[in-house]
Protein chains: 2
Amino acid sequence: MAVISTSRRVRRTPFSAGVEAAGVKGYTVYNRMLLPTVFRSVEEDYHHLKRAVQIWDVSVERQVEVRGPDASKLMQMLTPRDLRGMLPGQCYYVPIVDETGGMLNDPVAVKLAEDRWWISIADSDLLLWVKGIAYGYRLDVLVDEPDVSPLAVQGPKSDELMVRVFGEQVRDIRFFRFGWFEFQGRSLVVARSGYSKQGGFEIYVEGGDLGMPLWNVLMEAGKDLDVHAGCPNLIERIEGGLLSYGNDMTDDNTPHECGLGRFCNTNTAIGCVGRDALLRVAQEGPVRQIRPVEIHGGTVPPCDQLWPIMDGEDHVGNISSAAWSPDFNTNVAIGMVRMTHWKSGSELDVVTPEGVRPATVYEAFWQ
Amino acid sequence: MAVISTSRRVRRTPFSAGVEAAGVKGYTVYNRMLLPTVFRSVEEDYHHLKRAVQIWDVSVERQVEVRGPDASKLMQMLTPRDLRGMLPGQCYYVPIVDETGGMLNDPVAVKLAEDRWWISIADSDLLLWVKGIAYGYRLDVLVDEPDVSPLAVQGPKSDELMVRVFGEQVRDIRFFRFGWFEFQGRSLVVARSGYSKQGGFEIYVEGGDLGMPLWNVLMEAGKDLDVHAGCPNLIERIEGGLLSYGNDMTDDNTPHECGLGRFCNTNTAIGCVGRDALLRVAQEGPVRQIRPVEIHGGTVPPCDQLWPIMDGEDHVGNISSAAWSPDFNTNVAIGMVRMTHWKSGSELDVVTPEGVRPATVYEAFWQ
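Below is a short write-up of the structure. (Residues numbered from 1 in each chain as written. Chains lettered and ligands numbered in written order. Predicted model: local features only at pLDDT ≥ 70, side-chain atom pairs only at ≥ 80, totals over all residues. Heavy atoms only, no water.)

## Focus on the overall build of chain A
In plain terms, the rule: For the purposes of this entry, the term helix denotes a DSSP run of H or I that reaches at least four residues, the term strand denotes a run of E that reaches at least two, and both are numbered from the N terminus. The reference for a compact globule is 2.2 Å times residues^0.38; the radius of gyration itself is calculated from the C-alpha atoms. Relative accessibility under 20% of the residue-type maximum defines a buried residue, over 50% an exposed one, and the middle range a partly exposed one, all with a 1.4 Å probe and only protein chains included. Whether two residues are in contact is decided by their heavy atoms: any pair within 4.5 Å suffices. Calculation of accessible area relied on Shrake-Rupley with a 1.4 Å probe; when residues are assessed, cover is drawn exclusively from the protein chains displayed. Only four residue types enter the tally: Lys and Arg on the positive side, Asp and Glu on the negative side; His and the chain ends are excluded. A charged residue contributes its charge at one atom only: NZ of Lys, CZ of Arg, CG of Asp or CD of Glu.
The number of helices and strands found in chain A is eight helices and 22 strands. Over its C-alpha atoms chain A spans a radius of gyration of 21 Å, differing by no more than 12% from the 21 Å that the globule rule assigns to 367 residues. Overall, chain A is about 65 × 50 × 40 Å in size when its C-alpha atoms are taken along their principal axes. Within chain A, the fraction of its 367 residues that count as buried is 62%. If you take every contact in chain A between residues at least 6 apart in sequence, the share linking residues at least 24 apart comes to 66%. Summed over all atoms, the accessible surface of chain A reaches about 13,800 Å², with 49% contributed by carbon and sulfur. Averaging the positions of the 36 positive and the 49 negative side-chain charges in chain A gives two centres separated by 4 Å.

## A look at the packing of helix α5 (residues 158–166) of chain B against helix α6 (residues 211–221) of chain B
Residues and elements named next belong to chain B. Inclusion rule: To obtain an axis, a line is fitted to C-alpha atoms, over the contacting stretch when the element is a helix, and the angle between two such axes runs from 0 to 180 degrees between their N-to-C directions. Roughly parallel covers angles under 35 degrees, roughly antiparallel covers those over 145, roughly perpendicular covers 65 to 115, and oblique covers all other angles. Two helices cross in a left-handed way if the nearer one is turned anticlockwise from the farther one by less than a right angle. They cross in a right-handed way if the turn is clockwise. Residue polarity is assigned by list, with Asp, Glu, Lys and Arg as charged and Ala, Val, Leu, Ile, Met, Phe, Trp, Tyr, Cys and Pro as nonpolar; anything else, Gly included, falls into the polar class.
As a packed pair, α5 and α6 sit with axes 9 Å apart at the nearest point and diverge in direction by 120 degrees. Classified by the angle between their axes, α5 and α6 sit oblique to one another. Both α5 and α6 take part in a crossing whose hand is right-handed. Listed contacts from α6 to L161, M162, R164, V165 and F166 of α5 are L214, V217, L218 and A221. Class assignment of the residues belonging to the contact of α5 with α6 gives a composition of eight nonpolar, no polar and one charged.

## A word on the interface of chain B and chain A
This is how the line gets drawn: In short, buried area is how much 1.4 Å probe accessible area vanishes from two parts on joining, totalled over both. Any Lys or Arg side-chain nitrogen found within 4 Å of a carboxyl oxygen on Asp or Glu counts as a salt bridge. When DSSP locates at least two bridges between a pair of strands, those strands are taken to pair.
With 52 residues of chain B in contact, the opposing surface of chain A contributes 52 residues. The largest share of the area that chain B buries against chain A comes from R8, R9 and Y135 of chain B, three residues that together contribute 18% of it. Counting every contact that joins chain B to chain A gives ten salt bridges. Two residues, R9 of chain B and D123 of chain A, come together in a salt bridge whose shortest N-O distance is 3.0 Å. Listing elements by their share of the side of chain B that touches chain A, those giving two or more residues are β1 (3–4), β2 (26–30) and α4 (126–136) of chain B. Here the element with the most residues in the side of chain B that touches chain A is α4 of chain B; it accounts for nine residues. Residues of the side of chain B that touches chain A, tallied by class, amount to 22 nonpolar, 16 polar and 14 charged. With two bridges joining them, strand β2 (residues 26–30) of chain A and β1 of chain B adopt parallel strand pairing. What sits directly across from G26 of chain A, in β1 of chain B, is V3 of chain B.

## Observations regarding the relation of the copies chain B and chain A
Formally: All copies are superposed by least squares; the fitting set is the C-alpha atoms of residues with a pLDDT of at least 70 in both.
Expressed as a screw transformation, the operator carrying chain B onto chain A has a rotation angle of 180 degrees and an axial translation of 0.0 Å, and the superposed copies differ by an RMSD of 0.0 Å. The transformation relating the two chain copies, once decomposed into turn and shift, fits a two-fold axis. A shared interface surface links the copies, since 100% of the contact residues of chain B are contact residues in chain A too.

## Some points on the environment of G18 of chain B
All names here are of chain B. Looking at the element boundaries, G18 is found in helix α1 (residues 16–21). The exposure class of G18 is buried, given its relative accessible area of 6%. Each C-alpha atom of the pair G18 and N216 lies 7.9 Å from the other, and the pair is 198 residues apart in sequence. Non-local contacts of G18, meaning those with residues more than four positions away in its chain, are made with M212 and W215.

## Focus: helix α6 (residues 211–221) of chain A
Counted only if it meets this: Taking the helix axis as origin, the arc is that swept by the directions to the C-beta atoms.
Restricting attention to buried positions, one finds in α6 of chain A the residues G211, L214, W215, L218 and M219 of chain A. All buried residues of α6 of chain A project into a common sector of 130 degrees when viewed along the axis, lining one side.

## Topic: the sheet that holds strand β6 (residues 91–93) of chain A
All names here are of chain A. Reading across from one edge, β6-β9-β10-β5-β11 is the order of the five strands in this open sheet, with antiparallel pairing throughout. Edge positions in the sheet fall to β6 and β11 (142–144), since each of these pairs with one other strand and no more. On average, each strand axis in the sheet is inclined to that of its neighbour by 20 degrees, with strand direction left out of account. Looking at chain direction, strand β9 (residues 108–113) and strand β10 (residues 116–120) are connected through five bridges and run antiparallel. Paired with V110 across the two strands is W118, which belongs to β10.

## So, a negative patch on the surface
Applied cut-off: Patch construction takes residues with relative accessible area above 30% that form no salt bridge. Like charges are linked within 9 Å, and nonpolar side chains (Val, Leu, Ile, Met, Phe, Trp, Tyr) are linked within 5 Å.
A cluster of acidic residues, D311, E313, D314 and D349 of chain B, forms a negative patch on the protein surface. Mapped onto the secondary structure, D311 of chain B falls in strand β18 (residues 307–311).

## Considering the sheet that holds strand β6 (residues 91–93) of chain B
Residues and elements named next belong to chain B. Strand order in the open sheet made by the five strands is β6-β9-β10-β5-β11, with antiparallel pairing throughout. A strand with exactly one partner marks an edge of an open sheet, and here the two such strands are β6 and β11 (142–144). Strand-to-strand twist across the sheet, computed as the mean angle between neighbouring axes with direction ignored, equals 20 degrees. With three bridges connecting them, strand β5 (residues 63–67) and β11 associate as antiparallel partners. Within β11, the residue paired with R67 across the bridge is L142. This element, helix α3 (residues 71–78), spans β5, β9 (108–113), β10 (116–120) and β11 of the sheet and lies at about 30 degrees to β10. Sitting on the sheet, α4 touches β5, β10 and β11, and the angle it makes with β11 is about 165 degrees.

## Focus: unusual backbone geometry
Residues and elements named next belong to chain A. Within the chain, N31 stands out as a residue other than glycine whose phi angle is a positive 50 degrees. You can see N31 is positioned in the loop between β2 and β3 (33–38). A residue is classified by how much of its surface remains accessible, and N31, at 3% relative accessible area, is buried. Not every positive phi belongs to a glycine, and R138 is a case in point at roughly 50 degrees. Examined against the element boundaries, R138 turns out to sit in the loop between α4 (126–136) and β11.

## Quick word on the side chain of D82 of chain A
With respect to the element layout, D82 of chain A can be found in the loop between α3 (71–78) and β6. According to the relative accessible area criterion, D82 of chain A is buried, its value standing at 15%.

## A few points about the state of the cysteines
Note the threshold: When two cysteine sulfur atoms are found within 2.5 Å, that pair is recorded as a disulfide.
With the rule as written, the count across this model stands at zero disulfides over all chains. Lacking any disulfide linkage, C231 of chain A is separated from the closest cysteine sulfur, that of C303 of chain A, by 18 Å.

## With respect to the packing of aromatic side chains
The geometry of two aromatic rings is summed up by the distance between their centres and the angle between their planes. So the rule is basically this: Only rings of Phe, Tyr and Trp enter the pairing, Trp through its six-membered ring, and a pair is recorded when the two centres are within 6.5 Å. The plane angle decides the type: under 30 degrees is stacked, over 60 is edge-to-face, the rest tilted. Each ring is checked for a lysine NZ or an arginine CZ that lies within 6 Å of its centre and within 35 degrees of its normal; such an atom marks a charge sitting over the ring.
For the structure shown, the criterion picks out 20 aromatic pairs over all chains. Seen from their ring centres, Y362 of chain A and W366 of chain A are 6.5 Å apart, and the 75 degrees between their planes marks the pair as edge-to-face. Here Y362 of chain A falls in the partly exposed class, since its relative accessible area comes to 28%. Seen from their ring centres, F175 of chain B and F176 of chain B are 4.9 Å apart, and the 45 degrees between their planes marks the pair as tilted. Given a relative accessible area of 62%, F175 of chain B falls into the exposed group. Linked through ring pairs, F166, F181 and F183 of chain A together constitute an aromatic cluster. The lysine or arginine in question, R138 of chain B, covers the ring of Y135 of chain B, its NZ or CZ lying 5.1 Å from the ring centre.

## A closer look at the pattern of salt bridges
Scanning the model with the defined rule gives 53 salt bridges over all chains in all. When the shortest N-O distance is used, the salt bridge between R62 of chain A and E145 of chain A registers 3.0 Å. Taken together, the positions of R62 of chain A in the loop between β4 (54–57) and β5 (63–67) and E145 of chain A in the loop between β11 and β12 (148–154) put the pair 83 residues apart, joining distant regions of the chain. Take E145 of chain A: its relative accessible area is 34%, and that puts it in the partly exposed class. One salt bridge in this structure joins D226 of chain B and R51 of chain B, with 3.8 Å as the shortest N-O distance. With D226 of chain B in the loop between α6 and β16 (228–230) and R51 of chain B in helix α2 (residues 42–51), the pair connects residues that are 175 residues apart, well separated along the chain. Residues joined by salt bridges that share partners form a network here, namely R9, R32, D123 and D125 of chain A together with R9, R32, D123 and D125 of chain B.

Right, dumping it as structure tokens:
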């Protein structure tokens, strides 16, 4: 297996020292920054995530800050989701599309104030798109990447750990809401959110100097809860149907193909880029869509390129993510399937690099 | 050392099978794609590059294609370099800046025709910036990423190898010019360029299906020339002063700070984004600039974050790339140094993770 070469270009994070001390074994690169992928083993991390609590360095969720009188106007230009009813203190999952309705990113928008937003991005330089639109439309906004690095606390014991560090009030944060909480005299955004289905929080650590102090306090406070360093888990996120931009969707795909049509209020999101294209898509519906796919037989190899889904000689879709699930005792996968074959129960074949496997398409993800 | 985890998001290339068969030992991720960093060892690769010929998978130099009636207008908006005299068949190194003059990328522009360009990019999603500007200004252009993956042939025996595959006419290609050459019935752009100082070519392989056939033909044709798979070499590129976007410069830096002032014709490049800011910079000159820096003593550790350059208690710059050079028998480095200390011969200190080292600033790179 090839090792990853270090350089300044592949950025370290404020938590890298903690991640290394915890024995990280693998990385990927996400937004030109190191993202851990495994600590003990992907399966051991998976079981632990479901029963205890983990601290995740998700600094790679870089923020695009949009600030100024035209901030809300620009935000609505960026997404087909209607933002008019959104209040400060809320987080919205927002598809971002180009003029043809192709997905450029699927971030979480964090509304700090009427004239100040963060966009917590997936893996593409959304900053350049936002700056380009703001410049082209001569909007009165400042757009930049602030020194904010999210740290996630995920797992069933997250509430218990967070209460010990931030106080009882963290329990009152509702899903996809945030509050301001104090740590070492500084005020931080703490949201109930995260890239797992096990519950938890994301702390938007503003100021890299706070990174290791917070990491250490959480690790110390959670010792008897079996807290451990963790990271987004491939198996758990497929079971839960959490999509990954760049893996399960790219700018080739519309939100509707990704099953994100419910986040597109294209009729009322006046002024959004891509509106014309998406109105057409909304009317006709997508001809292919993301589906959970079970791949039968033993453990599949790592999925690092699209695996064709076949009905005999017909190429009817592609698998984009796959892993063996210990809890469901089968291979769980995410695929884009043509409408002719996306009905739940469809029996198809998947061409993996290690041979053809029978597979079944489903309607709902595993958990 | 941590391994790199594979996924579809970190894209394979048309040459990945060849790279793996050649025994790649390390990767980095560049434009969300795998870029080899070492085959035998960085030092062995370095010596071989200087005496023989190497085939490099530089698919990560993704192309932004700009096509249509407004293509040349858009290109001039993107860069402060005056493009009016540029002819089809030429390649220009073009700084791309934002409205404040901050570097967004330092690509090579390839002019295919008056209304068709490729931008061969460094490590940032320039596509999103170009699309944003084109959309904001309602330009009549198509902007996308075509299926083009550059393959570089580098080293002193490059001409000899290329002649065997493409014919004697490749010798006539001048530096930073290109011609169209046939391979298996398809016409490919072949330019005399590349990210080393050892001479060579870049073949813009249009169509991923041509990747391995071309790789194999080159490998076979060069056997007696000791051809080997290679990659951009850290030591050689520092010796030659070849900058790396994301390492030696970011959007914090102006072209003038990067020593790229000679590529900024800000007075005549009418309509370029960032013109106001760069006119000011051109008048005042930068207060810090990139310099070659020799770091004395034994081999330095890998440079994966900025190393402060100190004059006693004063922080006067940062090292961004560094490596031991066998040929020059010292540590070669690239740093950004304040004007108060950038004079050739300045004796300073560099704070590496393994201790403070004496260092000397120079005017010219090693080769």
